[in-house]
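Observations on chain architecture
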Amino acid sequence: MTYRLTMIDAVNFRRTPWKNGGGTTIDIADEYVSGAVPGDWDCMIWRFGRTPITTPGPFSNLAGIERMQVLVQGRGLVLRTVDGEIDVRLPYRPVRFDGETKIVSELEDGPVEVVNLMGDRNQVEIDLRVLQTRSNLVLANGIHIIYAPSESCSFAISGDLQQLETGFALRIDTDDDIVVEGSVGHAVIGSVFRK
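Here we summarise the structure given alongside this text.

Basis of the calculations
Residues numbered from 1 in each chain as written. Predicted model: local features only at pLDDT ≥ 70, side-chain atom pairs only at ≥ 80, totals over all residues. Heavy atoms only, no water. Helix = DSSP H or I, 4+ residues; strand = E, 2+ residues; numbered from the N terminus. Buried < 20%, exposed > 50% of the residue type's maximum accessible area, 1.4 Å probe, protein only. Core = buried A, V, L, I, M, F, W, Y, C linked by side-chain atoms within 4.5 Å. Contact = heavy atoms within 4.5 Å. Phe/Tyr/Trp six-rings, centres within 6.5 Å; stacked < 30°, edge-to-face > 60°. Lys NZ or Arg CZ within 6 Å of the ring centre and 35° of its normal. Salt bridge = Lys/Arg side-chain N within 4 Å of Asp/Glu carboxyl O.

1. Looking at the environment of Ile65
Along the chain, Ile65 falls in strand E5 (residues 65–73). Classification of Ile65 as buried rests on a relative accessible area of 7%. Taking the C-alpha atoms as reference, Ile65 lies 6.4 Å from Asp98; in sequence the two are 33 residues apart.

2. Regarding unusual backbone geometry
Phi is positive for Tyr92, which is not a glycine, with a value near 60°. Structurally, the position occupied by Tyr92 is in the loop between strand E7 (84–88) and strand E8 (95–98). Tyr92 gets classed as buried once you look at its relative accessible area, which sits at 16%. For Arg134, which is not glycine, the phi dihedral falls at a positive 65°. With respect to the helices, strands and loops of the structure, Arg134 is situated in the loop between strand E11 (124–131) and strand E12 (136–139). Judged by relative accessible area, Arg134 falls into the exposed class, the value being 74%.

3. Notes on the nonpolar core
Residues Ile28, Trp46, Phe48, Ile145 and Val188 are the most contacted members of the largest nonpolar core, which totals 24 residues. Of all the secondary structure elements, the ones that give two or more residues to this core are strand E3 (24–32), strand E4 (44–53), E5, strand E10 (112–120), E11, strand E13 (142–147) and strand E18 (187–194). If we ignore the near neighbours within four places in the chain, the residues touching Ile28 are Ile8, Phe13, Phe48, Gly49, Arg50, Ile145, Tyr147 and Ala169.

4. Brief notes about the side chain of Ser105
Here Ser105 is to be found in strand E9 (residues 104–107). A relative accessible area of 3% means that Ser105 is categorised as buried.

5. Details of the packing of aromatic side chains
In total, this model carries three aromatic pairs according to the counting rule given. Ring pairs connect the aromatic residues Phe13, Phe48 and Tyr147, which therefore count as one cluster. Positioned above the aromatic ring of Trp41 is the side chain of Arg47, whose terminal nitrogen or guanidinium carbon lies 3.8 Å from the ring centre.

6. So, the pattern of salt bridges
Tallying each qualifying case throughout the model produces 19 salt bridges. In this structure, the salt-bridge partner of Lys19 is Asp42, at a minimum N-O distance of 3.2 Å. Highlighted residues: Lys19 in the loop between strand E2 (14–17) and E3 and Asp42 in the loop between E3 and E4, separated in sequence by 23 residues. Judged by relative accessible area, which is 63%, Asp42 ranks as exposed. For Asp127, the salt bridge goes to Arg129, with nearest N and O atoms at 3.6 Å. Of the residues examined, Asp127 reaches a relative accessible area of 24% and is grouped as partly exposed.

Following this line, the structure appears as structure tokens:
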């Protein structure tokens, strides 16, 4: 079993304007095509980040991108589409949608913050899950970002205890299945699998 851990300090996060200019996202980890400027929406392979949504409004058109999102602060986020709503009202319940879906956000109870995972569906598959106290998750061959959005948390990776302070992230690159066991607190895990 082979895996590599890389701590991602919050001071290294990058702030990037949304593609439609309606807000700012905080990039925690990402990958772009060779030679691209980091943050270039048109050259993204995948990105994992945190976004405050302070006013309702349209989402950026990200055609060709698979998107997942989970609420980590606040309550009452609803994503309106022509086919109905995507319910993101409660924290720690990930949702999935296509980047080309026309969406307008609604805030039923004030500003919120979400964690986003996006991936070019021609190059990667993505998953976004929540690690909680006494939960076990299997992480398959790929790249995994464990992020502590609202509280410090601890967990074991194949039996080795790890601690993440609030706002920090840990990248895991693995070429085999590993088990992560939640011990204390909530963490969000974004997973990226190359096609």
